[in-house]
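# Descriptive structure summary
Letter by letter, the chains look like this.
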Amino acid sequence: MPIPALLALEDGSVFHGHAVGATGETTGEVVFNTAMTGYQEILTDPSYSRQLVTLTYPHIGNTGCNAEDVESETVQAAGLIVRDVPRRASNWRSSESLPDYLKRHGIVAIAGIDTRRLTRILRDKGALAGCILAGEQVDAEAALAKARAFPGLNGMDLAKVVTTARTYAWNEGVYNLDKTTFSQPARRFKVVAYDFGVKRNILRLLAEQGCDITVVPAQTPATEVLAMKPDGVFLSNGPGDPAACDYAIAATKTFLEAKIPLFGICLGHQIMGLALGAKTLKMKFGHHGANHPVKDLDDGRVLITSQNHGFAVDPATLPANVRVTHNSLFDGSLQGFALTDRPAFCFQGHPEASPGPHDIGYLFDRFAQLMQEAR
Ligand SMILES: NC(=O)CC[C@H](N)C(=O)O
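Going by the annotation in an unreviewed UniProt entry, the name recorded for the protein chain is Carbamoyl phosphate synthase small chain, with Rhodanobacter glycinis given as the source organism. Quoted verbatim from the Sequence similarities (unreviewed entry) field of the UniProt record, the comment on the protein chain reads "Belongs to the CarA family."

Check the secondary structure of the protein chain and you find 10 helices and 19 strands. The C-alpha atoms of the protein chain give a radius of gyration of 20 Å, which matches the 21 Å a tight globule of 375 residues would have. For the protein chain, the spread of C-alpha atoms along the three principal axes comes to 65 × 45 × 40 Å. Evaluated residue by residue, the protein chain yields a buried proportion of 58% over its 375 residues. Sequence-distant contacts, at least 24 apart, represent 75% of the contacts inside the protein chain between residues at least 6 apart. For the protein chain, the distance from the average position of its 35 positive side-chain charges to the average position of its 39 negative side-chain charges is 1 Å.

This part covers helix α8 (residues 246-258). Taking 1.5 Å of rise per residue, 13 residues should cover 18 Å, and α8 covers 19 Å from first to last C-alpha, within 8% of that figure. Every buried residue belonging to α8 is among Tyr247, Ala248, Ile249, Ala251, Thr252, Phe255 and Leu256, and all of these are buried. Just downstream of α8, Lys259 is the residue with a positive phi angle, here 55°.

This part is about helix α3 (residues 115-125). Those residues of α3 not exposed but buried are Thr115, Leu118, Thr119, Ile121 and Leu122. Axial view of α3: buried residues confined to an arc of 155°, hence all on one face. Those residues of α3 that are exposed and aimed more than 90 degrees away from the buried face are Arg116, Arg120 and Asp124. At the N-terminal boundary of α3, the capping side chain belongs to Asp114, with an oxygen 3.1 Å from the backbone nitrogen of Arg116. Just downstream of α3, Gly126 is the residue with a positive phi angle, here 90°.

Under the counting rule described, the total for this entry stands at 2 cavities of 30 Å³ or more. Reported here for the largest cavity is a volume of approximately 150 Å³. In terms of lining residues, the largest cavity is bounded by 17 residues, among which Ser47, Gly238, Gly240, His309 and Gly310 are the most central. Secondary structure elements with two or more residues in the lining of the largest cavity: α9 (267-275), β15 (280-296) and β16 (302-313). The biggest single contributor to the lining of the largest cavity is β16, with 4 residues. Here the lining of the largest cavity is composed, by residue class, of 5 nonpolar, 10 polar and 2 charged.

The domains assigned to the protein chain are domain 1 (4-149) and domain 2 (159-374). A C-alpha centroid distance of 27 Å is found between domain 1 and domain 2. Between domain 1 and domain 2, the contact holds 27 residues from the first and 22 residues from the second. Between domain 1 and domain 2, roughly 1900 Å² of surface is buried when both sides are summed, and carbon and sulfur atoms account for 49% of that area. It is Pro46, Ser47 and Glu71 in domain 1 that bury the most area against domain 2; as a group they hold 27% of the surface buried on that side. Between the two partners, domain 1 and domain 2, sit 1 salt bridge. Its salt-bridge partner being Lys282, residue Glu29 comes within 2.8 Å of it at the nearest N-O pair.

Spatial ordering of the open sheet is given by β8-β12-β11-β13-β14-β19-β18-β17-β15-β16, a layout of 10 strands whose pairing is mixed. Strands at the two margins of the open sheet, each flanked by one partner only, are β8 (168-170) and β16. Each strand of the sheet is rotated relative to its neighbour by a mean of 25°, with strand direction disregarded. Relative to β16, β15 runs antiparallel, the two sharing 10 bridges. Residue pairing across strands places Lys282 opposite Phe311, the latter belonging to β16. Against the sheet, α9 engages β13 (232-235), β14 (262-265), β15, β16, β18 (334-339) and β19 (344-347), with an angle of about 120° to β14. Where helix α10 (residues 362-374) meets the sheet, it contacts β11 (189-195), β12 (211-217), β13, β14, β15, β16, β17 (322-328) and β19, and its direction lies at approximately 170° from that of β19.

What follows is about the nonpolar core. Tyr194, Phe196, Phe255 and Phe337 are the most contacted members of the largest nonpolar core, which totals 34 residues. Elements supplying a minimum of two residues to this core: β11, α7 (222-226), β13, α8, α9, β18 and β19. With 6 residues, the top contributor of residues to this core is α8. In contact with Phe196, other than residues within four places in its own chain, are Ala159, Val162, Ala218, Leu235, Ser236, Asn237, Gly238, Pro239, Ala248, Leu267 and Ile271. Counting 31 residues, the second largest nonpolar core, distinct from the first, contains Ala193, Leu303, Leu363 and Leu370.

Let us now look at the packing of aromatic side chains. We describe a pair of aromatic rings using the distance from one ring centre to the other and the angle between the two ring planes. Per the counting criterion, the structure on display carries 7 aromatic pairs. Ring centres of Tyr194 and Phe196 lie 5.7 Å apart, and the angle between their planes is 20°; on these two criteria the pair is classed as stacked. Like Phe196, Tyr194 is buried. Where Phe263 meets Phe364, the ring centres are 5.5 Å apart and the plane angle is 80°; that geometry is what we call edge-to-face. Pair noted here: Phe263 is in strand β14 and Phe364 is in helix α10, with a separation of 101 residues, a long-range link. Pair check on accessibility: Phe263 and Phe364 agree, each one buried. Taken together through their ring pairs, the aromatic side chains of Phe234, Phe263, Phe345, Phe364 and Phe367 make up a single cluster. One residue, Lys282, lies across the ring of Phe311, its end atom 5.1 Å from the ring centre.

About the thresholds
Residues numbered from 1 in each chain as written. Predicted model: local features only at pLDDT ≥ 70, side-chain atom pairs only at ≥ 80, totals over all residues. Heavy atoms only, no water. UniProt positions renumbered as here; feature names shortened; annotations may be inferred. Helix = DSSP H or I, 4+ residues; strand = E, 2+ residues; numbered from the N terminus. Rg over C-alpha atoms; globule rule 2.2 N^0.38 Å. Buried < 20%, exposed > 50% of the residue type's maximum accessible area, 1.4 Å probe, protein only. Contact = heavy atoms within 4.5 Å. Lys, Arg positive; Asp, Glu negative; His and termini not counted. Charge placed at Lys NZ, Arg CZ, Asp CG, Glu CD. Expected span 1.5 Å × (residues − 1). Arc of directions from axis to C-beta. Polar contact = N/O pair within 3.5 Å; in protein donor to acceptor, adjacent residues only side chain to side chain. 1 Å grid on protein atoms, 1.4 Å probe; cavity = no way out; pocket = protein on both sides within 12 Å on 5 of 7 lines; lining within 4 Å. Points joined across faces, edges and corners; volume = space filled by probe spheres on them. Nonpolar A, V, L, I, M, F, W, Y, C, P; charged D, E, K, R; others polar. Domains from an automatic or database assignment. Buried area = accessible area lost by both parts, 1.4 Å probe. Salt bridge = Lys/Arg side-chain N within 4 Å of Asp/Glu carboxyl O. Pairing = 2+ DSSP bridges. Axes fitted to C-alpha atoms, helices over the stretch in contact; angles between N-to-C directions. Core = buried A, V, L, I, M, F, W, Y, C linked by side-chain atoms within 4.5 Å. Phe/Tyr/Trp six-rings, centres within 6.5 Å; stacked < 30°, edge-to-face > 60°. Lys NZ or Arg CZ within 6 Å of the ring centre and 35° of its normal.

Here it is as C-alpha coordinates:
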(Lines give C-alpha, C1' and ligand atoms only; values in the text may rest on other atoms or scores of the structure.)
Protein backbone atom coordinates (compact mmCIF):
# COMPACT_ATOMS: atom_id res chain seq x y z
CA MET A 1 0.00 0.00 0.00
CA PRO A 2 1.33 3.44 -0.86
CA ILE A 3 1.96 5.82 2.05
CA PRO A 4 -0.56 8.70 2.06
CA ALA A 5 0.57 12.30 1.54
CA LEU A 6 -1.15 15.62 1.12
CA LEU A 7 -0.32 19.10 -0.05
CA ALA A 8 -2.05 22.14 1.45
CA LEU A 9 -1.77 25.67 0.06
CA GLU A 10 -2.22 28.83 2.08
CA ASP A 11 -5.36 29.66 0.05
CA GLY A 12 -7.09 26.61 1.53
CA SER A 13 -6.61 24.18 -1.40
CA VAL A 14 -5.79 20.60 -0.37
CA PHE A 15 -4.51 17.83 -2.67
CA HIS A 16 -4.41 14.18 -1.63
CA GLY A 17 -1.82 11.84 -3.10
CA HIS A 18 0.86 9.43 -1.97
CA ALA A 19 4.41 9.75 -0.70
CA VAL A 20 7.27 9.19 -3.16
CA GLY A 21 10.10 10.43 -0.96
CA ALA A 22 10.79 10.66 2.75
CA THR A 23 7.91 10.77 5.21
CA GLY A 24 7.46 13.80 7.45
CA GLU A 25 6.61 17.40 6.70
CA THR A 26 8.01 20.29 4.70
CA THR A 27 6.89 23.84 4.02
CA GLY A 28 7.96 26.43 1.47
CA GLU A 29 6.87 28.55 -1.46
CA VAL A 30 5.24 26.40 -4.16
CA VAL A 31 6.50 27.12 -7.69
CA PHE A 32 5.87 25.33 -10.97
CA ASN A 33 8.61 24.41 -13.42
CA THR A 34 7.71 23.58 -17.04
CA ALA A 35 10.93 21.77 -18.03
CA MET A 36 10.30 18.30 -19.45
CA THR A 37 13.63 16.90 -18.31
CA GLY A 38 16.31 17.73 -15.77
CA TYR A 39 14.56 16.92 -12.48
CA GLN A 40 17.83 16.03 -10.80
CA GLU A 41 19.50 19.31 -11.83
CA ILE A 42 16.38 21.17 -10.63
CA LEU A 43 16.32 19.42 -7.26
CA THR A 44 20.01 20.17 -6.64
CA ASP A 45 19.93 23.83 -7.80
CA PRO A 46 20.50 25.88 -4.61
CA SER A 47 18.23 28.62 -6.02
CA TYR A 48 15.28 26.36 -5.04
CA SER A 49 16.08 26.50 -1.34
CA ARG A 50 12.83 26.88 0.70
CA GLN A 51 10.71 26.16 -2.39
CA LEU A 52 8.42 23.20 -3.12
CA VAL A 53 8.74 22.49 -6.83
CA THR A 54 5.96 21.06 -8.93
CA LEU A 55 6.85 19.86 -12.41
CA THR A 56 4.17 20.32 -15.07
CA TYR A 57 5.54 17.41 -17.11
CA PRO A 58 3.49 14.45 -15.83
CA HIS A 59 6.06 11.61 -15.77
CA ILE A 60 9.00 12.36 -13.52
CA GLY A 61 11.68 9.83 -12.62
CA ASN A 62 11.76 7.94 -15.95
CA THR A 63 15.55 8.09 -16.21
CA GLY A 64 16.33 7.54 -12.53
CA CYS A 65 19.14 9.36 -10.76
CA ASN A 66 22.91 9.28 -11.02
CA ALA A 67 25.97 10.80 -9.37
CA GLU A 68 26.86 13.16 -12.25
CA ASP A 69 23.75 15.25 -12.96
CA VAL A 70 23.87 17.27 -9.76
CA GLU A 71 24.27 21.05 -9.62
CA SER A 72 25.48 21.09 -6.00
CA GLU A 73 26.41 18.53 -3.41
CA THR A 74 22.92 17.79 -2.15
CA VAL A 75 19.19 18.20 -2.83
CA GLN A 76 18.28 21.84 -2.24
CA ALA A 77 14.57 22.09 -3.04
CA ALA A 78 12.44 21.81 0.09
CA GLY A 79 10.06 19.32 -1.54
CA LEU A 80 8.81 17.83 -4.80
CA ILE A 81 5.26 17.60 -6.20
CA VAL A 82 4.60 15.43 -9.27
CA ARG A 83 1.77 13.75 -11.15
CA ASP A 84 3.30 10.32 -11.58
CA VAL A 85 6.56 8.51 -10.91
CA PRO A 86 6.99 5.53 -13.25
CA ARG A 87 7.57 2.22 -11.51
CA ARG A 88 10.74 1.54 -13.47
CA ALA A 89 13.60 3.92 -14.19
CA SER A 90 15.47 3.27 -17.39
CA ASN A 91 18.78 4.82 -18.37
CA TRP A 92 22.29 3.42 -18.71
CA ARG A 93 23.59 6.01 -16.22
CA SER A 94 20.86 5.45 -13.61
CA SER A 95 22.18 4.15 -10.30
CA GLU A 96 19.11 4.77 -8.16
CA SER A 97 15.37 5.40 -8.60
CA LEU A 98 14.00 8.89 -7.93
CA PRO A 99 12.01 7.77 -4.83
CA ASP A 100 15.11 6.09 -3.36
CA TYR A 101 17.18 9.18 -4.12
CA LEU A 102 14.60 11.44 -2.42
CA LYS A 103 14.39 9.13 0.61
CA ARG A 104 18.18 8.98 0.93
CA HIS A 105 18.26 12.80 1.01
CA GLY A 106 15.31 13.08 3.41
CA ILE A 107 13.19 15.01 0.88
CA VAL A 108 9.43 14.87 1.36
CA ALA A 109 7.65 14.42 -1.98
CA ILE A 110 4.11 13.79 -3.16
CA ALA A 111 2.77 12.13 -6.34
CA GLY A 112 -0.65 11.27 -7.64
CA ILE A 113 -2.10 14.77 -7.57
CA ASP A 114 -3.51 16.90 -10.38
CA THR A 115 -0.48 19.08 -11.11
CA ARG A 116 -2.41 20.89 -13.88
CA ARG A 117 -4.97 22.12 -11.37
CA LEU A 118 -2.18 23.09 -8.97
CA THR A 119 -0.36 25.04 -11.69
CA ARG A 120 -3.53 26.88 -12.71
CA ILE A 121 -4.02 27.96 -9.09
CA LEU A 122 -0.43 29.24 -8.96
CA ARG A 123 -0.84 31.07 -12.28
CA ASP A 124 -4.08 32.72 -11.12
CA LYS A 125 -3.06 33.60 -7.58
CA GLY A 126 0.73 33.75 -7.85
CA ALA A 127 3.26 31.71 -5.89
CA LEU A 128 1.68 30.43 -2.65
CA ALA A 129 3.07 28.99 0.54
CA GLY A 130 2.44 25.27 0.89
CA CYS A 131 3.02 22.31 3.15
CA ILE A 132 3.44 18.64 2.25
CA LEU A 133 2.72 16.04 4.89
CA ALA A 134 3.63 12.41 4.16
CA GLY A 135 2.98 9.48 6.50
CA GLU A 136 0.31 7.08 7.72
CA GLN A 137 -1.59 9.88 9.51
CA VAL A 138 -1.85 13.14 7.56
CA ASP A 139 -4.11 15.91 8.73
CA ALA A 140 -5.22 18.59 6.26
CA GLU A 141 -5.94 21.17 8.98
CA ALA A 142 -2.42 20.77 10.38
CA ALA A 143 -0.93 21.16 6.89
CA LEU A 144 -3.00 24.30 6.22
CA ALA A 145 -1.82 25.86 9.47
CA LYS A 146 1.82 25.11 8.61
CA ALA A 147 1.43 26.51 5.08
CA ARG A 148 -0.09 29.71 6.48
CA ALA A 149 2.76 30.04 8.99
CA PHE A 150 5.41 30.10 6.21
CA PRO A 151 6.75 33.67 6.21
CA GLY A 152 7.28 33.90 2.42
CA LEU A 153 10.50 34.63 0.56
CA ASN A 154 10.18 38.44 0.64
CA GLY A 155 13.03 39.78 2.74
CA MET A 156 14.57 36.32 3.21
CA ASP A 157 18.35 36.21 2.83
CA LEU A 158 19.18 32.62 1.86
CA ALA A 159 22.43 33.20 -0.08
CA LYS A 160 24.43 33.30 3.12
CA VAL A 161 22.70 30.06 4.23
CA VAL A 162 23.47 27.94 1.15
CA THR A 163 26.93 29.37 0.34
CA THR A 164 30.21 27.48 0.76
CA ALA A 165 31.69 27.58 4.27
CA ARG A 166 35.18 28.23 2.93
CA THR A 167 37.05 29.48 -0.11
CA TYR A 168 38.11 26.78 -2.59
CA ALA A 169 39.62 26.40 -6.04
CA TRP A 170 37.42 24.82 -8.74
CA ASN A 171 39.64 22.23 -10.37
CA GLU A 172 37.19 19.89 -12.02
CA GLY A 173 38.17 20.87 -15.56
CA VAL A 174 35.91 20.36 -18.53
CA TYR A 175 33.93 17.30 -19.59
CA ASN A 176 35.22 15.54 -22.67
CA LEU A 177 32.68 14.34 -25.20
CA ASP A 178 32.61 10.88 -23.60
CA LYS A 179 30.96 12.60 -20.59
CA THR A 180 33.10 10.62 -18.15
CA THR A 181 36.60 12.09 -18.43
CA PHE A 182 37.79 15.65 -17.96
CA SER A 183 40.46 17.79 -19.56
CA GLN A 184 42.02 20.96 -18.22
CA PRO A 185 41.92 23.92 -20.66
CA ALA A 186 44.85 26.36 -20.53
CA ARG A 187 44.15 28.96 -17.84
CA ARG A 188 44.03 32.48 -19.21
CA PHE A 189 42.12 34.41 -16.55
CA LYS A 190 41.96 34.51 -12.78
CA VAL A 191 38.32 34.71 -11.74
CA VAL A 192 36.80 35.00 -8.28
CA ALA A 193 33.29 33.52 -8.20
CA TYR A 194 30.90 34.54 -5.43
CA ASP A 195 28.91 31.53 -4.28
CA PHE A 196 25.39 32.71 -3.44
CA GLY A 197 24.21 29.17 -4.27
CA VAL A 198 26.28 28.57 -7.40
CA LYS A 199 25.41 25.83 -9.89
CA ARG A 200 28.27 23.57 -10.93
CA ASN A 201 27.64 23.98 -14.63
CA ILE A 202 28.44 27.69 -14.31
CA LEU A 203 31.85 26.82 -12.86
CA ARG A 204 32.37 24.24 -15.63
CA LEU A 205 31.57 26.77 -18.35
CA LEU A 206 33.86 29.37 -16.76
CA ALA A 207 36.61 26.71 -16.68
CA GLU A 208 35.94 26.03 -20.36
CA GLN A 209 36.74 29.70 -21.03
CA GLY A 210 40.16 29.17 -19.45
CA CYS A 211 39.28 30.66 -16.06
CA ASP A 212 41.31 29.76 -13.01
CA ILE A 213 38.42 29.90 -10.52
CA THR A 214 38.46 30.67 -6.82
CA VAL A 215 35.03 30.26 -5.24
CA VAL A 216 34.40 32.47 -2.21
CA PRO A 217 31.64 32.55 0.46
CA ALA A 218 28.75 34.97 -0.08
CA GLN A 219 29.85 37.38 2.64
CA THR A 220 33.49 37.76 1.52
CA PRO A 221 34.34 41.49 1.58
CA ALA A 222 35.28 43.09 -1.74
CA THR A 223 38.67 44.20 -0.38
CA GLU A 224 39.65 40.56 0.19
CA VAL A 225 38.65 39.68 -3.36
CA LEU A 226 40.46 42.66 -4.92
CA ALA A 227 43.59 41.65 -2.98
CA MET A 228 43.57 38.39 -4.99
CA LYS A 229 44.04 40.55 -8.12
CA PRO A 230 41.44 38.78 -10.27
CA ASP A 231 40.93 39.50 -13.97
CA GLY A 232 37.19 39.30 -13.32
CA VAL A 233 34.56 38.71 -10.66
CA PHE A 234 31.53 36.47 -11.13
CA LEU A 235 28.27 36.87 -9.13
CA SER A 236 26.30 33.62 -8.97
CA ASN A 237 22.67 32.60 -8.93
CA GLY A 238 21.09 31.85 -5.57
CA PRO A 239 17.91 31.55 -3.50
CA GLY A 240 15.80 34.07 -1.63
CA ASP A 241 15.27 37.81 -1.90
CA PRO A 242 18.19 39.66 -3.56
CA ALA A 243 17.36 42.91 -1.71
CA ALA A 244 18.13 41.16 1.59
CA CYS A 245 21.76 40.46 0.53
CA ASP A 246 23.15 43.83 1.72
CA TYR A 247 26.75 42.47 1.99
CA ALA A 248 26.69 41.33 -1.67
CA ILE A 249 25.19 44.62 -2.86
CA ALA A 250 27.93 46.53 -0.98
CA ALA A 251 30.70 44.33 -2.42
CA THR A 252 29.32 44.74 -5.95
CA LYS A 253 29.31 48.54 -5.58
CA THR A 254 33.04 48.33 -4.81
CA PHE A 255 33.71 46.13 -7.87
CA LEU A 256 31.79 48.57 -10.08
CA GLU A 257 33.83 51.47 -8.70
CA ALA A 258 37.04 49.49 -9.28
CA LYS A 259 35.95 48.93 -12.92
CA ILE A 260 36.79 45.25 -12.68
CA PRO A 261 35.16 42.96 -15.30
CA LEU A 262 31.94 41.70 -13.75
CA PHE A 263 29.41 39.05 -14.83
CA GLY A 264 26.24 38.21 -12.92
CA ILE A 265 23.71 35.42 -13.40
CA CYS A 266 20.18 35.44 -11.93
CA LEU A 267 20.58 36.45 -8.26
CA GLY A 268 23.94 37.94 -9.40
CA HIS A 269 22.08 39.98 -12.05
CA GLN A 270 19.59 41.23 -9.44
CA ILE A 271 22.42 42.15 -7.05
CA MET A 272 24.15 44.11 -9.81
CA GLY A 273 20.90 46.00 -10.42
CA LEU A 274 20.54 46.78 -6.71
CA ALA A 275 24.19 47.91 -6.51
CA LEU A 276 23.42 50.40 -9.29
CA GLY A 277 20.52 51.81 -7.29
CA ALA A 278 17.74 49.97 -9.16
CA LYS A 279 14.89 48.20 -7.37
CA THR A 280 13.85 44.55 -7.43
CA LEU A 281 10.30 43.28 -7.16
CA LYS A 282 8.61 39.97 -6.47
CA MET A 283 6.99 38.54 -9.62
CA LYS A 284 3.56 36.94 -9.57
CA PHE A 285 4.64 33.36 -10.30
CA GLY A 286 8.10 33.93 -11.69
CA HIS A 287 9.89 32.09 -14.47
CA HIS A 288 10.81 28.44 -13.97
CA GLY A 289 11.35 26.36 -17.08
CA ALA A 290 13.64 25.41 -19.91
CA ASN A 291 11.83 26.91 -22.90
CA HIS A 292 11.57 30.65 -22.26
CA PRO A 293 12.08 32.87 -25.34
CA VAL A 294 14.37 35.84 -24.75
CA LYS A 295 15.26 38.53 -27.28
CA ASP A 296 18.83 39.73 -27.71
CA LEU A 297 18.16 43.43 -28.39
CA ASP A 298 21.58 43.93 -30.04
CA ASP A 299 20.93 41.67 -33.01
CA GLY A 300 17.23 40.77 -32.73
CA ARG A 301 17.89 37.05 -32.26
CA VAL A 302 15.42 35.02 -30.19
CA LEU A 303 17.08 32.60 -27.80
CA ILE A 304 15.33 29.75 -25.99
CA THR A 305 16.57 29.85 -22.41
CA SER A 306 16.49 28.15 -19.07
CA GLN A 307 14.91 30.24 -16.30
CA ASN A 308 14.44 30.05 -12.56
CA HIS A 309 13.56 33.24 -10.74
CA GLY A 310 10.77 34.72 -8.67
CA PHE A 311 12.20 38.23 -8.28
CA ALA A 312 13.14 40.65 -11.07
CA VAL A 313 14.90 43.98 -11.55
CA ASP A 314 12.44 46.79 -12.36
CA PRO A 315 13.85 48.24 -15.62
CA ALA A 316 12.21 51.65 -14.93
CA THR A 317 14.57 52.10 -11.97
CA LEU A 318 17.84 51.46 -13.84
CA PRO A 319 20.29 54.39 -14.04
CA ALA A 320 21.27 56.12 -17.30
CA ASN A 321 24.58 54.27 -17.70
CA VAL A 322 22.76 50.96 -18.23
CA ARG A 323 21.86 49.52 -21.62
CA VAL A 324 19.16 46.84 -21.67
CA THR A 325 20.47 43.88 -23.72
CA HIS A 326 17.77 41.19 -23.28
CA ASN A 327 14.02 41.05 -22.69
CA SER A 328 11.63 38.16 -22.01
CA LEU A 329 9.24 37.46 -24.88
CA PHE A 330 6.79 35.85 -22.44
CA ASP A 331 6.05 38.94 -20.34
CA GLY A 332 8.46 41.67 -21.50
CA SER A 333 10.39 41.58 -18.23
CA LEU A 334 14.06 42.55 -18.05
CA GLN A 335 16.43 39.69 -18.86
CA GLY A 336 19.82 41.29 -19.22
CA PHE A 337 21.74 44.55 -19.16
CA ALA A 338 25.24 45.92 -19.60
CA LEU A 339 26.92 49.06 -18.31
CA THR A 340 27.92 51.65 -20.86
CA ASP A 341 30.89 52.95 -18.83
CA ARG A 342 32.14 49.78 -17.10
CA PRO A 343 33.09 46.24 -18.16
CA ALA A 344 30.04 44.75 -16.44
CA PHE A 345 26.97 42.84 -17.64
CA CYS A 346 24.47 40.32 -16.38
CA PHE A 347 21.64 37.99 -17.30
CA GLN A 348 18.46 37.07 -15.42
CA GLY A 349 17.99 33.58 -16.87
CA HIS A 350 20.41 30.68 -16.81
CA PRO A 351 22.92 30.73 -19.70
CA GLU A 352 24.57 27.65 -18.17
CA ALA A 353 21.27 25.76 -18.68
CA SER A 354 21.57 22.41 -16.90
CA PRO A 355 18.83 21.68 -17.51
CA GLY A 356 17.91 23.52 -20.67
CA PRO A 357 18.98 24.72 -24.09
CA HIS A 358 22.38 26.30 -24.70
CA ASP A 359 21.28 29.15 -27.00
CA ILE A 360 22.60 31.86 -24.71
CA GLY A 361 25.88 30.18 -23.74
CA TYR A 362 27.66 32.92 -25.72
CA LEU A 363 27.51 35.12 -22.59
CA PHE A 364 30.43 33.12 -21.20
CA ASP A 365 32.47 34.05 -24.32
CA ARG A 366 31.48 37.68 -23.69
CA PHE A 367 32.87 37.56 -20.14
CA ALA A 368 36.17 36.14 -21.44
CA GLN A 369 36.27 38.87 -24.09
CA LEU A 370 35.68 41.60 -21.46
CA MET A 371 38.55 40.25 -19.35
CA GLN A 372 40.79 40.10 -22.42
CA GLU A 373 39.97 43.71 -23.35
CA ALA A 374 40.52 44.92 -19.79
CA ARG A 375 44.12 43.65 -19.81
N1 LIG B 1 18.13 31.34 -9.83
C2 LIG B 1 18.31 32.42 -9.11
O3 LIG B 1 19.42 32.91 -8.92
C4 LIG B 1 17.09 33.00 -8.43
C5 LIG B 1 17.29 34.39 -7.91
C6 LIG B 1 16.24 34.81 -6.88
N7 LIG B 1 16.30 33.97 -5.72
C8 LIG B 1 14.86 34.78 -7.51
O9 LIG B 1 14.07 33.91 -7.19
O10 LIG B 1 14.55 35.60 -8.33
